[in-house]
Amino acid sequence: MTLIYRFGRFELRPAARLLLVDSRPAALGARAFDLLLALLERRDRLVTKNELLELVWPGLVVEENNLQVQVSALRKLLGQDAIATVAGRGYRCTLEPTQTTSAPHASSFVAKHNLPAPVSSFIGRERELSDLRAMLASHRLVTLVGIGGIGKTRLTLQVATTLADAYADGVWFVDLAPVSDPRLVANAVATAVGVREEPGQPIIGALQRFVADRALLLVLDNCEHLLVACAQLARDLLQAGRKLTIVATSREPLHVPGEATFPVAPLPVPE
């Protein structure tokens, strides 16, 4: 039997590592998911900061502000009152979920993507959208190349959205702009797809096992300042997962064997 927590518009499925909002998957990172589950399971008491750090980052030494970041992310999604702060001590979950169980086969719902919602209409690149879809149908690594601010990310998100149903295991978006350390590229991907770090084990190994038998599209956005690390990650994952497709955005190609480049030009100016 599978345990399910329900509260308001939300449904948490621990076994599937899935949070639904109005029956649709929420974009929730692996750490935030672990934190929410830890608080829900201990909702009858205060949970200290040290206990949460050990539960969410087992075997790792992390700063307390990492916990605060994840708490803020959960409050933004669930509401500011969902998690109460006990000054100097820890946190307490104020949610009152109902617990139900279901047979493993009762639901086959799987999160299909974590793509951010568009903030503008998609106008003027219908031809590029069609060409990019065709290129992805015949290449496992496609890199959109162009100067900064030209619209590479917007075009990529649009094509990824249209292809969400084409990949049985979903479409997963990784924004690499905030990542400054090349050593953390694999960690950013792991967080996006929900792969947990194992103490003493390289995260790339866990990612390779994850993609080995999954048909998914991985979007690596803003690779230009991490070219070597992104290229190595793409090689490692594409070799491990035969059904994996990667689309990247960068100011220059990744220079990986088999890579197809898709130049993105400025939109034409109306007459």
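Residues numbered from 1 in each chain as written. Predicted model: local features only at pLDDT ≥ 70, side-chain atom pairs only at ≥ 80, totals over all residues. Heavy atoms only, no water.

Moving on to the overall build of the chain. Along its length, the chain carries eight helices and 13 strands. Nonlocal contacts in the chain, meaning residues at least 24 apart in sequence, comprise 70% of its contacts between residues at least 6 apart. In the structure as shown, the chain presents an accessible area of about 14200 Å², 53% of it carried by carbon and sulfur atoms. (Helix = DSSP H or I, 4+ residues; strand = E, 2+ residues; numbered from the N terminus. Contact = heavy atoms within 4.5 Å. Areas by Shrake-Rupley, 256 points an atom, 1.4 Å probe, with all protein chains shown as cover.)

Per-residue confidence for the chain averages 87 on the pLDDT scale, and 89% of its residues sit at or above 70. The secondary structure element of the chain with the lowest average pLDDT is strand β4 (residues 24–25), at 62, and the one with the highest is helix α8 (residues 227–240), at 98. For residues 104–110, every residue scores under 50 in pLDDT, and the model assigns this stretch eight contacts once sequence neighbours within four places are set aside. (pLDDT = per-residue confidence, 0-100.)

The tally for this structure, following the rule as stated, stands at ten salt bridges. Of the charged contacts in the structure, one is a salt bridge between Arg42 and Glu41, with a shortest N-O distance of 3.4 Å. (Salt bridge = Lys/Arg side-chain N within 4 Å of Asp/Glu carboxyl O.)

Moving on, we come to the side chain of Asn222. Within the fold, Asn222 resides in the loop between β11 (216–221) and α8. Among the polar contacts listed, one links the side chain of Asn222 to the side chain of Asp175, at a separation of 3.2 Å. At 3.0 Å, the side chain of Asn222 forms a polar contact with the side chain of Asp221. The contacts of Asn222, once residues within four sequence positions are left out, are Asp175, Leu176, Ala177 and Thr249. (Polar contact = N/O pair within 3.5 Å; in protein donor to acceptor, adjacent residues only side chain to side chain.)

Let's shift gears to the side chain of Arg42. Structurally, Arg42 can be placed in the loop between α1 (30–41) and β5 (47–48). Residue classification places Arg42 among the buried positions, given a relative accessible area of 18%. A polar atom in the side chain of Arg42 sits 3.4 Å from the side chain of Glu41. Leave out the neighbours within four places in its chain, and Arg42 touches Val47, Glu51 and Leu55. (Buried < 20%, exposed > 50% of the residue type's maximum accessible area, 1.4 Å probe, protein only.)

What follows concerns the sheet that holds strand β7 (residues 90–93). The strand order across the open sheet built from three strands is β5-β7-β6, with neighbouring strands paired in antiparallel fashion. The sheet is open, and its two edges are formed by β5 and β6 (83–86), each paired on a single side. Relative to β7, β6 runs antiparallel, the two sharing four bridges. When the sheet's bridge partners are listed, Thr85 is paired in β7 with Tyr91. (Pairing = 2+ DSSP bridges.)

Right, let's talk about the nonpolar core for a bit. Of all hydrophobic cores here, the largest spans 36 residues; its most connected members are Leu176, Leu207, Leu218, Leu220 and Leu254. Tallying contributions element by element places α8 first for this core, with eight residues. Leave out the neighbours within four places in its chain, and Leu207 touches Ala186, Val189, Ala190, Val193, Val195, Leu233 and Leu237. Ranked by size, the runner-up nonpolar core spans 28 residues in total, among them Tyr5, Leu53, Leu67 and Leu95. (Core = buried A, V, L, I, M, F, W, Y, C linked by side-chain atoms within 4.5 Å.)

We now examine the sheet that holds strand β13 (residues 260–263). What the five strands build is an open sheet, ordered β10-β11-β12-β9-β13; its pairing is parallel. Strands at the two margins of the open sheet, each flanked by one partner only, are β10 (171–175) and β13. Each adjacent strand pair in this sheet contributes to an overall mean axis angle of 20°, direction not counted. Judged from the five bridges that link them, β11 and strand β12 (residues 244–250) form a sheet pairing that is parallel. Each residue of the ladder has a partner; that of Leu216, found in β12, is Leu244. Lying over the sheet, helix α6 (residues 185–193) contacts β10 and β11, oriented at roughly 140° with respect to β10. (Axes fitted to C-alpha atoms, helices over the stretch in contact; angles between N-to-C directions.)

For Asn222, which is not a glycine, the phi torsion comes out positive at approximately 65°. Positive phi outside glycine occurs at His255, with the angle close to 60°. For His255, the position within the fold is in the loop between β12 and β13.

Following both chains from N to C, one finds α1 and helix α2 (residues 49–56) inclined at 125°, their axes separated by 9 Å at the closest point. On the basis of the axis angle, α1 is oblique to α2. Here α1 runs over α2; the crossing is right-handed. Here Arg31, Asp34, Leu35, Ala38 and Leu39 of α1 come into contact with α2, specifically with Leu52, Leu55 and Val56. (Parallel < 35°, antiparallel > 145°, perpendicular 65-115°, else oblique. Left-handed = near helix turned anticlockwise from the far one by under 90°.)

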